[in-house]
Amino acid sequence: MNLTLRVWRQAGPDAPGRFETYEATDISPDSSFLEMLDLVNEDLIGQGEEPIEFMHDCREGICGTCGMMINGRAHGPQSMTATCQLHMRTFQDGDELVLEPWRASGFPIVKDLVVDRSAFDRIIEAGGYISIDTGSAPDANLIPVAKQDADLAMDAAACIGCGACVAACPNGAGQLFTSAKLAQLNTLPQGQPERYERTEAMVEVMEEHFGSCTNMGECEAACPKGISIDFIAMMNRDYRKAKFRNRRSA
Amino acid sequence: MLDAKTPEGPIETKWENHKFDMKLVNPANKRKFEIIVVGTGLAGASAAATLGELGYRVKAFTYHDSARRAHSIAAQGGINAAKNYHSDGDSIFRLFYDTVKGGDYRSREANVYRLAEVSNNIIDQCVAQGVPFAREYGGLLDNRSFGGAQVSRTFYARGQTGQQLLLGAYQALSRQVKAGTVELHTGLEMLDVVVVDGKAAGIIVRDLNTGEISRHSAHAVVLGTGGYSNAFYLSTMAMSSNVTAAWRAHRKGAFFANPCFTQIHPTAIPSSDEFQSKLTLMSESLRNDGRIWVPKDPDETRAPGDIPEEDRDYYLEVKYPAFGNLVPRDVASRNAKTQVDAGKGVGPLKNGVFLDFADAIGRLGRDAVADKYGNLFEMYERITGEDPYQVPMRIYPAPHYTMGGLWVDYHLQTTIPGLFAIGEANFSDHGANRLGASALMQGLADGYFVLPYTIGDYLAPQLGSTPVDTSASEFDQAEADVKAQVDRFLATNGTRSVDWFHRELGKILWDHCGMERSEAGLEKALSEIPALREEFEQDVRVLGSAETLNSSLEKAGRVADFFELAELMCRDALTRRESCGGHFRVESQTEEGEALRDDDDFAHVSAWEWTGQGSEPVEHREPLEFEYVKLTQRSYK
Ligand code: FES
């Protein structure tokens, strides 16, 4: 198949950006979307032009490195699918694809389609863990966990930290990411002792970096792992309780 | 001869006693020591977190944009531990025994025993961290049998165990970042180890976004930088996984052990065309319920569902009735190759074998199968466009894990004092073949429970010393070398991309040092690789500048190291004139075509010393003694 690509090129964080047009020719429908970009880059190198920088690593939908806007949609047209898992059979011969980096003030552009998502790490550092030093844990089966809770925690823990939720959100909000980690840890018995401090600390760092949530639901639709916006409601409940408790103990 | 410094005494008490015998750094003094940890996968992140908790001052480095992205994340199946929660006869000794046997008797008994011993602590630790392991209805942990084990000792979190364990370690690390004990540097790639007075003194790193090169010194350096399967170009590794940190340490004097011990994983999705960039693994847990077969007739044209039982060859079940589809990885891989080479391959390119779930769906119901493997089935469908609930999956072996790596002693210290290697980056625990669900176990054992203690024994005598000043001439030299290489790549201005060379190198390696190795093939590879490397040096095209993100430039450095490593892999494979585990020399096989070991001549570790490019490396040997596991010909019949 043959496609036309309009790709955002930007030499560096402070450089002006612009769209460039490239042709992707002779692409096999069985190849992946990123393999298609590899071929375009091979052509560019052949012509002496700098290849397009894009984010990727595992190429199996789990590391959360990849991500770009494809025709205005985070990770492209296929639901529950990270950019690296998209295959060209999803597209039609002759399609024009517009490729842009994640657009959000919380994710500054590094180069071309690459952005800086370190704000996510700051949120986790604020409290996205259970405080237990290595070697001090009791036998694992001393803490029974209801299967239902374990399953719910796993649903939330499936987040890969790609940032599609932020990119898809008109407000550039970080609620889905933050609430997924909170839902995992706050559902499990091990996570109870720090539940409210954790919630307050993470939410506050989130608000420093990202926009506010107005319940548009675009995040859930864009999430390659199907993380549910119900977790946001859970987070809001816990946050209100946290505020109340922490005020009392202050 | 190499001394592994294995402690004396019975194997059950070696580690306990040794922990008592090792020198300690008292808690108040720990903050006087600085430790560099390179890599934030399972091993690196768990080590950095634990060292931080203990009070050391840690600097952790990763080339990823976040410490949550290392390829440990992609491990699907699970993690072994000898908990014996199911009272099915498991024990530390059995896990030890299975690991030594599964590794085809080419690992060090004492290390493996320790690994089995701490396996239980890992599960406790991870559960306490909030890793959402699968549970039974009663709320207790669920287990499954995995990859050739005859007991249920594998803990799992859906098909995303590696992800959940890595996130657990990343979160523990994040907690230390907040506590201020760990300084975390993301987006920085280590390009050299600096050795001063024979000891590791620090590292040189390059900022991948700005190109800035910087120097860092410490009392000790720990490498948790993973394996080298990407030498094959097509592998199950992430695109950026590389050998650079380990290799550059090797060039500075760290011996590289058993580089030819590479694992070809039996259940990857076959490639669909020549531009394929990587191979995707389907968890081997699928072999618990899927049945592997090929049509008996090479010219079979019917759809798989229309082929009657009598025309199918369930070759593993027939040949290995006791283990069936659960034979170890090397055995499963080689048998698939035999079928495909005989023309019985399936799929449009006839390059795979079937992994069929029809029976399991009939027996357990579609929902139960979906519950266990749903995400894997979806992943398969997304890649191939085929629905494995309807048609059997197609699988074929792919380069996966590398058992070889930097040689380390019982303390996980390399031959450079003060330089440690953990996780897949070292060679120590898996011998010639790794069992399923043991990589996560080893990465976390090294990082959480072994290195944080053994490193104290090295540090304790240095109390009162400060790290070498980074203005030392050794740092000048190392930085100049790194810069010179970067400049050379940009100045070459040849005609072919880095990827082109990498792909060509991968083909040579796969053909001659892949699932089967022969003397003639290896000799051929040893003449082709240096020739291609020379072409690479003269004709590679790296565009752009060194001052911004430049992934071709990053790759060029990694591929240069793969060239040198590939030569050593072939040299090692040629020298080891026996078959064992993942290393199959066609000249050394039983009448049934199984790997035939030669214990009289090869029950040793080959640890190679770098002597310069184009000059023959020197082989050092560590003899392996088996006191507790009797050497037998592996048999899975
Ligand atoms: S590259 Fe890892 S999730 Fe896409």
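This is a predicted model, so every value here is computed, not measured.

### Re the overall build of chain B
Logical step 1: When you go through chain B residue by residue, the secondary structure sums to 17 helices and 19 strands.
Logical step 2: In terms of overall dimensions, chain B has a C-alpha envelope of 75 × 60 × 50 Å along the principal axes.
Logical step 3: Evaluated residue by residue, chain B yields a buried proportion of 67% over its 637 residues.
Logical step 4: The contacts of chain B with a sequence gap of at least 6 include a subset with a gap of at least 24, amounting to 74%.

### What about the domain arrangement of chain B?
Residues and elements named next belong to chain B.
Logical step 1: When the domains of chain B are assigned, the result is domain 1 (265-399) and domain 2 (473-617).
Logical step 2: Relative to domain 2, the C-alpha centre of domain 1 lies at a distance of 31 Å.
Logical step 3: Taken together, the contact between domain 1 and domain 2 spans twelve residues of the former and eleven residues of the latter.
Logical step 4: Summing both sides of the interface, domain 1 and domain 2 together bury roughly 840 Å²; the carbon and sulfur share of this comes to 59%.

### Quick word on the packing of aromatic side chains
Residue and element names in this part refer to chain B.
Logical step 1: Scanning the entire structure with this criterion turns up 28 aromatic pairs over all chains.
Logical step 2: With a centroid separation of 6.0 Å and an interplanar angle of 75°, the aromatic rings of Tyr85 and Phe155 are classed as edge-to-face. In this pair, Tyr85 is assigned in the loop between strand S3 (79-80) and helix H4 (92-102) and Phe155 in strand S4 (residues 154-155), connecting sequence segments 70 residues apart.
Logical step 3: Note on Phe155: relative accessible area 1%, which makes it buried.
Logical step 4: Where Trp293 meets Phe354, the ring centres are 4.7 Å apart and the plane angle is 45°; that geometry is what we call tilted. Pair noted here: Trp293 is in strand S12 (residues 291-295) and Phe354 is in strand S14 (residues 353-356), with a separation of 61 residues, a long-range link.
Logical step 5: A residue is classified by how much of its surface remains accessible, and Trp293, at 0% relative accessible area, is buried.
Logical step 6: A relative accessible area of 8% places Phe354 in the buried class.
Logical step 7: Members of the aromatic cluster, joined through ring pairs, are Phe489, Trp500, Phe501, Phe536 and Phe563.
Logical step 8: Its guanidinium or amino end placed over the ring of Tyr314, Arg291 lies 3.9 Å from that ring's centre, counting from NZ or CZ.
Logical step 9: One cation-aromatic arrangement involves Arg312 over Trp293; the distance from NZ or CZ to the ring centre is 4.1 Å.

### Notes on the pairing of strand S2 (residues 57-61) of chain B
Residues and elements named next belong to chain B.
Logical step 1: For S2, a buried count of four out of five residues is recorded, marking the element as mostly surrounded by other parts of the structure.
Logical step 2: Pairing between strand S1 (residues 34-38) and S2: five bridges, direction parallel. By the bridge assignment for S2, Ile36 is matched with Lys59.
Logical step 3: For the segment spanning S1, helix H3 (residues 42-54) and S2, crossover handedness is right-handed.
Logical step 4: The sheet contact formed by S2 and strand S5 (residues 182-185) spans four bridges and is parallel. Residue pairing in the sheet places Ala60 in a bridge with Leu184 of S5.

### Focus on the sheet that holds strand S5 (residues 96-100) of chain A
Residues and elements named next belong to chain A.
Logical step 1: Across the sheet, which stays open at both edges, the five strands sit in the order S2-S1-S5-S3-S4 with mixed pairing between neighbours. Here the strands that pair on one side only, and so sit at the sheet edges, are strand S2 (17-24) and strand S4 (73-74).
Logical step 2: Here strand S1 (residues 3-10) pairs with S5 via four bridges, running parallel. Bridging across to S5, Thr4 finds its partner in Glu96.
Logical step 3: Most of the contacts of helix H1 (residues 33-46) go to S2, to which it runs at about 95°, and overall it touches S1, S2, strand S3 (69-70) and S5.

### Thoughts on the sheet that holds S12 of chain B
Residue and element names in this part refer to chain B.
Logical step 1: One open sheet accounts for five strands, arranged S11-S15-S14-S12-S13; its pairing is antiparallel. The open sheet has two free edges, formed respectively by strand S11 (262-268) and strand S13 (312-313), since each of these has just one partner strand.
Logical step 2: As judged from the two bridges shared by S12 and S13, these two strands associate in the antiparallel manner. Note on S13: the bridge partner recorded for Val294 is Asp313.

### Comments concerning unusual backbone geometry
Logical step 1: For Met80 of chain A, which is not a glycine, the phi torsion comes out positive at approximately 55°.
Logical step 2: Following the sequence through the fold, Met80 of chain A ends up in the loop between S4 and S5.
Logical step 3: One non-glycine residue with positive phi stands out, namely Asn84 of chain B, at about 55°.
Logical step 4: Residue placement: Asn84 of chain B occurs in the loop between S3 and H4.
Logical step 5: For Asn84 of chain B, a relative accessible area of 27% corresponds to the partly exposed category.

### Thoughts on the confidence of the model for chain B
Logical step 1: When pLDDT is averaged across chain B, the result is 95; 100% of the residues are at 70 or more.
Logical step 2: On the interface metric, ipTM, the complex scores 0.98, and its pTM is 0.96.

### Side note on the domain arrangement of chain A
All names here are of chain A.
Logical step 1: As far as domains go, chain A holds domain 1 (3-111) and domain 2 (118-249).
Logical step 2: Computed over C-alpha atoms only, the centres of domain 1 and domain 2 are separated by 30 Å.
Logical step 3: Taken together, the 16 residues of domain 1 in the interface contact 17 residues of domain 2.
Logical step 4: Counting the surface lost from both domain 1 and domain 2, the interface buries some 1,200 Å², and carbon and sulfur atoms represent 64% of this.
Logical step 5: Where domain 1 packs against domain 2, one counts zero salt bridges.
Logical step 6: Linking domain 1 with domain 2 are two residue pairs in polar contact (both at pLDDT 80 or more).
Logical step 7: Across the side of domain 1 that touches domain 2, the residue classes break down as ten nonpolar, five polar and one charged.

### Points about the pattern of salt bridges
Residues and elements named next belong to chain B.
Logical step 1: Tallying each qualifying case throughout the model produces 64 salt bridges over all chains.
Logical step 2: Between Asp311 and Arg302 there is a salt bridge whose closest N-O contact spans 2.9 Å.
Logical step 3: Judged by its relative accessible area of 38%, Arg302 is partly exposed.
Logical step 4: Glu479 is the partner of Lys483 in a salt bridge, and the nearest nitrogen-oxygen pair spans 2.7 Å. Linking Lys483 with Glu479, this pair stays in helix H13 (residues 473-492), spanning four residues, or about one helical turn.
Logical step 5: When its relative accessible area of 40% is taken as the criterion, Lys483 is described as partly exposed.
Logical step 6: Take Glu479: its relative accessible area is 12%, and that puts it in the buried class.
Logical step 7: One network of salt bridges, with partners in common, ties together Asp104, Arg106, Arg576, Glu578, Arg597 and Asp599.

### Examining the side chain of His216 of chain B
All names here are of chain B.
Logical step 1: Checked against the element boundaries, His216 lands in strand S8 (residues 213-217).
Logical step 2: Among the polar contacts made by the side chain of His216, one reaches the side chain of Lys59 at a distance of 3.1 Å.
Logical step 3: With residues near it in sequence (within four places) discarded, His216 still touches Ile36, Lys59, Phe61, Ala201, Gly202, Ile203, Val205, Thr470 and Phe475.

### Some details on the nonpolar core
Logical step 1: Counting residues in hydrophobic clusters, the biggest one holds 224 residues, and the most contacted among them are Phe33, Met36 and Leu99 of chain A together with Ile79 and Phe133 of chain B.
Logical step 2: Among the elements that take part in this core, helix H16 (residues 551-575) of chain B stands out by supplying 13 residues, more than any other.
Logical step 3: Dropping the residues within four chain positions of it, Leu99 of chain A is found in contact with Leu5, Arg6, Val7, Trp8, Phe19, Phe33, Leu37, Met68, Met69, Ile70 and Leu113 of chain A.

### Concerning the interface of chain B and chain A
Logical step 1: Of the residues lining the interface, 73 residues belong to chain B; the matching set on chain A comes to 74 residues.
Logical step 2: Between chain B and chain A lies a buried interface of about 6,200 Å² when both sides are counted; carbon and sulfur atoms form 50% of it.
Logical step 3: Between chain B and chain A we count five salt bridges in total.
Logical step 4: The closest approach of N and O atoms between Asp155 of chain A and Arg158 of chain B, which form a salt bridge, is 2.8 Å.
Logical step 5: Listing elements by their share of the side of chain B that touches chain A, those giving two or more residues are H3, helix H5 (109-129), helix H6 (161-179), helix H11 (366-384), helix H12 (439-459), helix H14 (498-513) and H16 of chain B.
Logical step 6: At nine residues, the largest contribution of residues to the side of chain B that touches chain A is made by H6 of chain B.
Logical step 7: Along the lines of polarity and charge, the residues of the side of chain B that touches chain A split into 25 nonpolar, 30 polar and 18 charged.

Definitions and limits used
Residues numbered from 1 in each chain as written. Chains lettered and ligands numbered in written order. Predicted model: local features only at pLDDT ≥ 70, side-chain atom pairs only at ≥ 80, totals over all residues. Heavy atoms only, no water. Helix = DSSP H or I, 4+ residues; strand = E, 2+ residues; numbered from the N terminus. Buried < 20%, exposed > 50% of the residue type's maximum accessible area, 1.4 Å probe, protein only. Contact = heavy atoms within 4.5 Å. Domains from an automatic or database assignment. Buried area = accessible area lost by both parts, 1.4 Å probe. Phe/Tyr/Trp six-rings, centres within 6.5 Å; stacked < 30°, edge-to-face > 60°. Lys NZ or Arg CZ within 6 Å of the ring centre and 35° of its normal. Pairing = 2+ DSSP bridges. Right-handed = clockwise from strand over helix to strand, strands pointing away. Axes fitted to C-alpha atoms, helices over the stretch in contact; angles between N-to-C directions. pLDDT = per-residue confidence, 0-100. Salt bridge = Lys/Arg side-chain N within 4 Å of Asp/Glu carboxyl O. Polar contact = N/O pair within 3.5 Å; in protein donor to acceptor, adjacent residues only side chain to side chain. Nonpolar A, V, L, I, M, F, W, Y, C, P; charged D, E, K, R; others polar. Core = buried A, V, L, I, M, F, W, Y, C linked by side-chain atoms within 4.5 Å.

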